[in-house]
Amino acid sequence: ATRFAELVSDEKEFELCKTAVPENTKLTTEWGIRTWNDWAANRRVFTADVSGISYVTTPLLDMTPTDLSYWMRKLVLEVRKKDCGMYPPKSLYALVCCFKRYYEANGVHIINPLDPSDAKFGSFRAVLDAEMKRLHSLGIGSTIKQAQPITPDEEALLWSTGPYKGD
């Protein structure tokens with residue numbers, strides 16, 4: 001017997017890390033990549049009719065940071081929900097987070113478009129920031145869901161009848 005466990009392969013380590021990702025995070029990442037793929041396919045169809053407009057030719061994982069920055073700028077300005085409505089600013093931010101997780105899940109840990117110290121994504125962050133501010137100024141995503149405050153009469157009723165009733 002040895003005090004150490006059996007040797008662990010890179011593959012087993014990778015599989016272990018995959019099981020630690022929460023299910024909602026996996027689903028959100030899949031949504032982000034599906035949105036990217038749908039957008040890229042749509043752009044390919046419509047560029048046939050428009051001169052001077054290019055389309056995505058490189059798979060996401062094979063893109064250089066410069067290419068990724070370029071295409072992500074286009075994405076945040078062009079992407080729409082399935083009902084053709086605009087995504088709220090928080091959803092655009094979440095979409096970008098999906099790409100970071102996707103890269104990391106595929107063993108690429110050097111891509112973080114939201115890192116302010118990464119100059120390769122500076123122009124992308126500027127476009128994302130401007131679009132998020134524009135959407136906010138249009139009132140998109142600015143509705144905050146919260147409970148309505150109770151009136152003094154309702155509070156008094158709670159204190160006198162409910163679980164807060166003083167004995």
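The structure under discussion appears in the preceding block.
Please read these numbers as outputs of a predicted model, since none were measured by experiment.

> Which parts of the structure should I look at to understand the overall build of the protein chain?
A tally of regular secondary structure across the protein chain gives six helices and zero strands. Put simply, the protein chain runs from its N terminus to its C terminus through helices and strands in the order α-α-α-α-α-α. With the principal axes as the frame, the protein chain shows a C-alpha extent of 70 × 70 × 30 Å. Considering only intrachain contacts with a sequence separation of at least 6, the fraction spanning at least 24 residues in the protein chain is 62%. As displayed, the protein chain offers around 12,000 Å² of accessible surface, 57% of which is attributable to carbon and sulfur atoms.

> What's the story with the pattern of salt bridges in this structure? I'm lost.
Note on pairing: side chains with opposite charge can pair once their charged atoms come close. This structure, assessed with the given rule, holds five salt bridges. In this structure, the salt-bridge partner of Arg-43 is Glu-78, at a minimum N-O distance of 2.8 Å. Of this pair, Arg-43 sits in helix α2 (residues 23-47) while Glu-78 sits in helix α3 (residues 65-78), placing them 35 residues apart in sequence. With relative accessibility at 34%, the residue Glu-78 sits in the partly exposed group. Where Lys-120 meets Asp-118, a salt bridge forms, and the shortest distance between an N and an O atom there is 3.2 Å.

How each quantity is defined
Residues numbered from 1 in each chain as written. Predicted model: local features only at pLDDT ≥ 70, side-chain atom pairs only at ≥ 80, totals over all residues. Heavy atoms only, no water. Helix = DSSP H or I, 4+ residues; strand = E, 2+ residues; numbered from the N terminus. Contact = heavy atoms within 4.5 Å. Areas by Shrake-Rupley, 256 points an atom, 1.4 Å probe, with all protein chains shown as cover. Salt bridge = Lys/Arg side-chain N within 4 Å of Asp/Glu carboxyl O. Buried < 20%, exposed > 50% of the residue type's maximum accessible area, 1.4 Å probe, protein only.

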